[in-house]
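Fold and contact review
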Amino acid sequence: MLKNIKESYQHSYFLYLKLIIAGIIIGLIVGIIDTIFGRGLLLIGDIRKEYLYYFVPFLALAGLLIVFIYQKFAGKTGKGMGLIFEVGHGTEKEIPLRLIPIVTVATWITHLFGGSAGREGVAVQLGATLSHRFNKYFNFPDKSKVFLVTGMAAGFGGLFQTPIAALFFGLEVLALGNLQLYALLPAVVAAFTASWTSSFLGLEKFTHIVNTTLSITPMTFVKFAILGIIFGIAGNLFVYLQSFLKKFAAEKIKNPYYRIFIIGIFLSIILLLLHEGRYTGLGTNLIENSFSGKQIFGYDWILKLLLTTLTLAAGFQGGEVTPLFSIGASLGVVIAIFFGLPIEFVAAAGYISVFGSATNTLLAPIFIGGEVFGFNNLPFFVIIVIFAYLVNRKISTYGLQKNYFNEEKI
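What this report covers is the structure whose coordinates are included nearby.

1. Examining the overall build of the protein chain
Scanning the protein chain for helices and strands turns up 17 helices and 2 strands. Computed over the C-alpha atoms, the radius of gyration of the protein chain is 21 Å, within 12% of the 22 Å expected from 2.2 N^0.38 for a compact globule of 410 residues. Structurally, the protein chain occupies a C-alpha span of about 75 × 60 × 45 Å along its principal axes. When each of the 410 residues of the protein chain is scored for burial, the buried share is 58%. A fraction of 78% describes how many contacts in the protein chain between residues 6 or more apart in sequence connect residues 24 or more apart. Charge centroids of the protein chain, computed over 30 positive and 20 negative side chains, lie 7 Å from each other.

2. Some words on the environment of Ala187
Its place among the elements puts Ala187 in helix α9 (residues 184-200). Given the relative accessible area of 0%, Ala187 is considered buried. The spatial distance from the C-alpha of Ala187 to the C-alpha of Gly170 is 7.7 Å, given a sequence separation of 17 residues. Discounting residues that sit within four places of it in the chain, Ala187 has contacts with Thr150, Ala153 and Leu167.

3. Concerning the nonpolar core
Residues Phe147, Phe231, Tyr351, Phe355, Ile368 and Phe373 are the most contacted members of the largest nonpolar core, which totals 128 residues. Once you skip the residues sitting within four places of it in the chain, Phe231 turns out to touch Gly328, Leu331, Gly332, Ile335, Val346, Ala349, Gly350, Ser353, Val354, Ser357 and Ile384.

4. Section: helix α14 (residues 321-339)
Taking 1.5 Å as the rise per residue, α14 with 19 residues should run 27 Å; its terminal C-alpha atoms sit 26 Å apart, in good agreement. Of all the bends in α14, the greatest, near 35°, is centred on Val333. One or two residues past the end of α14 sits Gly340, with phi positive at roughly 65°.

5. Points about the environment of Pro379
Here Pro379 is to be found in helix α17 (residues 378-390). Considering only alpha carbons, one finds Pro379 and Ile26, 353 residues apart in sequence, at a separation of 33 Å.

6. Points about the environment of Tyr351
Of note, Tyr351 is situated in helix α15 (residues 343-359). The class of Tyr351 is buried, set by a relative accessible area of 5%. Considered as a pair, Tyr351 and Gly319 are 32 residues apart in the sequence and their alpha carbons are 16 Å apart.

7. Quick notes on a nonpolar patch on the surface
Nonpolar side chains collect at one region of the surface, where Phe14, Leu17, Ile20, Ile21, Ile24, Ile25, Leu28 and Ile29 lie side by side and expose about 650 Å² of accessible area between them. By the secondary structure assignment, Leu17 is in helix α1 (residues 2-50). Overall, the relative accessible area of 46% leaves Leu17 in the partly exposed class.

8. Points about the layout of surface pockets
Space inside the largest pocket adds up to approximately 980 Å³. Lining the largest pocket are 38 residues, with Gly78, Lys79, Lys246, Leu312 and Gln317 positioned closest to its centre. Mapped onto the lining of the largest pocket, the elements with two or more residues apiece are α3 (59-74), α4 (81-88), α6 (120-132), α10 (218-252), α11 (256-273) and α13 (300-314). Top element by residues in the lining of the largest pocket is α10. It accounts for 6 residues. As a volume, the second largest pocket reaches approximately 770 Å³. Lining the second largest pocket are 34 residues, with Leu42, Lys49, Leu282, Thr284 and Asn285 positioned closest to its centre. Within the residue set of the lining of the second largest pocket, elements represented by two or more residues are α1, α7 (143-160), α12 (284-292), α14 and α16 (363-373). No other element matches α1, which puts 6 residues into the lining of the second largest pocket.

9. Overview of the packing of α4 against α7
The geometry of α4 relative to α7 is characterised by a closest axis approach of 9 Å and an angle of 145° between their N-to-C directions. Within the contact between the two elements, α4 uses Ile84, Val87 and Gly88 and α7 uses Ser144, Lys145, Leu148 and Met152. For the contact of α4 with α7, the residue count by class is 4 nonpolar, 2 polar and 1 charged.

10. A word on the packing of aromatic side chains
The tally for this structure, following the rule as stated, stands at 31 aromatic pairs. For the pair Phe156 and Phe160, a centre-to-centre distance of 4.9 Å together with 45° between the ring planes defines the contact as tilted. With a gap of 4 residues between them, Phe156 and Phe160 both fall in helix α7, about one helical turn apart. When the centroid spacing of 5.3 Å and the interplanar angle of 5° are considered together, the rings of Phe297 and Tyr299 count as stacked. Just above the ring of Phe138 sits the side chain of Lys18; from NZ or CZ to the centre is 4.8 Å.

What counts, and where the lines are drawn
Residues numbered from 1 in each chain as written. Predicted model: local features only at pLDDT ≥ 70, side-chain atom pairs only at ≥ 80, totals over all residues. Heavy atoms only, no water. Helix = DSSP H or I, 4+ residues; strand = E, 2+ residues; numbered from the N terminus. Rg over C-alpha atoms; globule rule 2.2 N^0.38 Å. Buried < 20%, exposed > 50% of the residue type's maximum accessible area, 1.4 Å probe, protein only. Contact = heavy atoms within 4.5 Å. Lys, Arg positive; Asp, Glu negative; His and termini not counted. Charge placed at Lys NZ, Arg CZ, Asp CG, Glu CD. Core = buried A, V, L, I, M, F, W, Y, C linked by side-chain atoms within 4.5 Å. Expected span 1.5 Å × (residues − 1). Bend = angle between axes of the 7 residues up to and from the residue. Patch = residues over 30% accessible without salt bridge, like charges linked within 9 Å, V, L, I, M, F, W, Y side chains within 5 Å. Areas by Shrake-Rupley, 256 points an atom, 1.4 Å probe, with all protein chains shown as cover. Salt bridge = Lys/Arg side-chain N within 4 Å of Asp/Glu carboxyl O. 1 Å grid on protein atoms, 1.4 Å probe; cavity = no way out; pocket = protein on both sides within 12 Å on 5 of 7 lines; lining within 4 Å. Points joined across faces, edges and corners; volume = space filled by probe spheres on them. Axes fitted to C-alpha atoms, helices over the stretch in contact; angles between N-to-C directions. Nonpolar A, V, L, I, M, F, W, Y, C, P; charged D, E, K, R; others polar. Phe/Tyr/Trp six-rings, centres within 6.5 Å; stacked < 30°, edge-to-face > 60°. Lys NZ or Arg CZ within 6 Å of the ring centre and 35° of its normal.

Structure, rendered in structure tokens:
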């Protein structure tokens, strides 16, 4: 019996070693892919800004190309993040490798021609697709989920270089109220490795340390709670509108070519009329303005929200997270004056809380706050993000996210 116990422990240690090695390899490869994708996106953004009127008027034509690519080559990879969640829940078994070039090229096209979209969803798909291939080399329960979560954490960590947040994003995003802790070891190794790799290769990271002299008193607690509720409502508005517009557009214009072309023409006109491309692309310009004292208009956050949801509903490709960051930050600048709190602090709180509300994640946005804005603000961020998270846990920008909460217990 003692021999069997000893062999069992040796087997566990050997498996842990294999998972660490796999996490390092996954992190390295995903970090490289994230760098190529991320730097390509930054270059495309610069080109679009320089030659705005050469690209944005042709967004509708670019949309036709995207639909053609997906109709001709994508197959089930056209589900995007939906396929990742289906594999995570066991309803699908494989993620074809062709997802990587298809989603990368389609996202680059969207951004080059001015679509208002993000990048995180793409990075997560890239990481999950590559990492999931590793499960064939292992034999233990839930190996498919382990490597899926590992890849999602690596994809997020490599792109944003917030490895702690990336770890918890991967652990909590698949199922609300149920951390995928079985993937903890390879996920943490892969997230940090991917982050270090993309940093070494020169991918930019957004960091802005917010120094505050706040303390938690009954009054500030109430202010933080109200801020969280406001940001939570904004995040949920994004999700509701995204869901509504997708269904409405699909019902009214059933042909995907017509749908993306018609909406693309409308988006081109609006994006050019509204401050000459201010709301094109990721929204990093709004983030920069929010933390540098530059002009933020009272309507920036809602216009970015409307145009991002419409871009994605039309069929253009990209993620939601960076636009959510920009929506939250610009909203924070607008409402900070009503709370008597530092503008940069409220913008930072909005940056993380709107993201947390829209994705139904709690720990990831808190640690993004720490890794981007400084861990000295963590106690304040915890309160604000909790209240944003509690606004509504029934919906998510990821439509296939499972909900394990028993609402009757609350």
